[in-house]
Amino acid sequence: MSSFDDDDVQYDRAKEIKKFDDTKLGVKGLLDSGVMKVPRFLIHLEENLQNPPSSLLSSLCLNVPVIDLKGYDDDNDDGIIRRSNIVSEIKEASSKWGFFQMVNHGVPISVMDELLNVIREFHEQPSEVKKEWYSRDHKVKVRFYCNGDLFVSKAANWRDTIAFDFQDGPLKPQDYPLICRNVVSKYMEHVSKLRENLSELLSEALGLRRDYLSSIECMKSETMVCHYYPPCPEPELTIGTSKHSDPSSLTILLQDFIGGLQVLHQDQWVDITPIHGALVANIGDFMQLITNDKFKSVEHRVLARRVGPRASAACHIYPSATHRNKQYGPIEAFTSNQSPSKYKKTSSNEYLGYYRSKGLDGNKALPYFRV
């Protein structure tokens with residue numbers, strides 16, 4: 001059961017989550033303390049955990065597109081044809097799914113595996129070492145925390161996070177925890193190159209000139225959140241990450257082999273099956289806004305599991321630091337008298353502010369900005 005009696009007046013959620021947050025140990029700290037039951041502040045309503053009414057068989061037959069980027073930048077005749085095919089695949093995936101997996105993307109598999117290892121190592125450090133990085137201040141460039149919306153959400157998620165903010169540029173070596181300093185910076189060097197390549201491919205997929213998204217600086221900076229999902233004693237009562245869409249322009253996700261990531265497609269939850277060496281890309285709210293719904297930002301979630309821990313790294317791509325307060329609206333090429341702007345102008349700062357204020361409540365932030 002994930003419902004509670006109406007007459008249960010003894011429960012004080014605010015007190016419970018403050019006590020939990022004050023430990024600065026996250027969900028893993030609960031397990032380390034010997035907890036065998038999911039605490040009430042982590043229990044979700046049953047209807048938020050179930051699949052929408054749909055055919056299980058049909059969902060099993062659905063697969064998120066896998067796009068091979070090999071040869072996208074070859075300048076011979078075969079390369080030109082290959083790039084055109086890749087652009088078409090990205091257009092199809094971005095408009096219909098909002099998600100696609102990528103192989104041969106240029107990020108070495110060894111670097112990806114190293115990052116997943118150090119995510120686990122950071123979260124499995126002695127408590128006193130890890131607590132030094134605990135913070136709820138969004139202005140802190142590197143911070144460890146549990147549930148960014150802990151104090152505004154109706155139910156918390158079964159995961160801990162260390163976040164790295166690169167929106168003002170590369171971090172200094174002393175900004176990193178020693179255990180992950182070299183690996184994170186090495187991974188980000190490769191992801192930054194991939195970001196630039198995807199900016200061009202997405203521009204072409206939109207029918208725009210290759211450098212268009214780069215020229216408006218909507219994909220110029222990154223934050224990376226590295227999630228750690230401990231094994232859960234009662235996964236039927238909670239969730240790893242609640243249903244949500246991302247506020248970014250684009251997200252590039254690295255996930256391990258545990259699984260649990262699902263995307264909502266045609267009113268069905270579809271598993272994004274882990275592929276070793278693949279990265280997942282998903283369109284964010286900001287991209288859907290500026291493309292006037294040509295590309296779709298789709299809701300997704302992560303299930304809690306008895307097995308684990310699960311590790312992942314989501315790199316959220318935003319406008320450049322100098323454009324945080326710039327007003328973005330639908331691109332002029334996608335609006336007309338017959339197809340007017342569907343969204344009012346907003347900045348990435350304003351959008352993020354609203355997104356954070358509402359928390360992961362199961363509802364998208366994007367409709368708030370509709371005209």
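Refer to the preceding data block for the structure.
Keep in mind that this is a model prediction, so the values were computed, not measured.

Explain the overall build of the protein chain here, please?
For the protein chain, the count of helices and strands is 11 helices and 12 strands. Taking the principal axes of the C-alpha coordinates as reference, the protein chain spans close to 65 × 45 × 45 Å. Taken across its 371 residues, the protein chain has 55% of its residues classed as buried. A separation threshold of at least 6 residues defines the contact pool for the protein chain, and within that pool the share at least 24 residues apart is 78%. Accessible surface for the protein chain amounts to roughly 17200 Å². Of this, 50% is attributable to carbon and sulfur atoms. In the protein chain, 46 side chains carry a positive charge and 50 a negative one; their mean positions are 3 Å apart.

Can you walk me through the pairing of strand β8 (residues 261–265) in this structure?
On a regular strand, each side chain points to the face opposite its neighbour's, so the side chains alternate between the two faces of the sheet. Burial analysis of β8 places five of its five residues in the buried class, which makes it a mostly covered element. The alternating pattern of β8 places L261, V263 and H265 on one face and Q262 and L264 on the opposite face, and all of these are buried. Sheet analysis places β8 next to strand β11 (residues 300–302), joined by three bridges and oriented antiparallel. Bridge pairing links L261 to V302 in β11. As paired strands, β8 and strand β9 (residues 268–271) are joined by four bridges and run antiparallel to one another. Opposite Q262, over in β9, you have D271 as the bridge partner. The antiparallel hairpin formed by β8 and β9 contains two residues in its connecting segment, where Q266 sits at a positive phi of about 55 degrees.

Teacher, can you tell me more about the sheet that holds strand β4 (residues 160–165) here?
Backbone-to-backbone hydrogen bonds pair the strands of a sheet. The strands run either parallel or antiparallel. Spatially, the eight strands line up as an open sheet ordered β1-β2-β10-β7-β12-β5-β4-β3, and their pairing is mixed. One side of each edge strand has no neighbouring strand; the edge strands of this open sheet are β1 (66–68) and β3 (142–145). Strand after strand, the sheet turns through a mean of 25 degrees between neighbouring axes, direction not considered. Bridge analysis of strand β7 (residues 250–255) against strand β12 (residues 310–318) gives six bridges, and the strand direction is antiparallel. Looking across to β12, one finds that T251 is bridged to H316.

Calculation rules
- In this numbering scheme, every chain counts its residues from 1 along its sequence in written order.
- Per-residue local features of the predicted model are confined to residues with pLDDT of at least 70, and side-chain atom pairs are confined, for both listing and counting, to 80 or more; whole-chain, interface and lining totals are unaffected and use all residues.
- For side-chain calculations, the full set of non-hydrogen atoms in the structure is used, while hydrogens and water are omitted.
- Helix and strand assignments follow DSSP, with helices taken as H or I runs no shorter than four residues and strands as E runs no shorter than two, numbered in order from the N terminus.
- Categorising residues by exposure relies on relative accessible area from a 1.4 Å probe, with only protein chains included: less than 20% of the type maximum marks a residue as buried, more than 50% marks it as exposed, and the intermediate range marks it as partly exposed.
- Any two residues having at least one pair of non-hydrogen atoms within 4.5 Å are treated as being in contact.
- Calculation of accessible area relied on Shrake-Rupley with a 1.4 Å probe; when residues are assessed, cover is drawn exclusively from the protein chains displayed.
- This count recognises Lys and Arg as positive and Asp and Glu as negative, with His and chain-terminal groups excluded.
- To locate a charge, take NZ of a lysine, CZ of an arginine, CG of an aspartate or CD of a glutamate.
- Two strands are counted as paired when DSSP detects at least two bridges linking them.
- In this analysis, axes come from line fits to C-alpha atoms, helices being fitted only over the stretch in contact, and the angle between any two N-to-C directions falls in the range 0 to 180 degrees.

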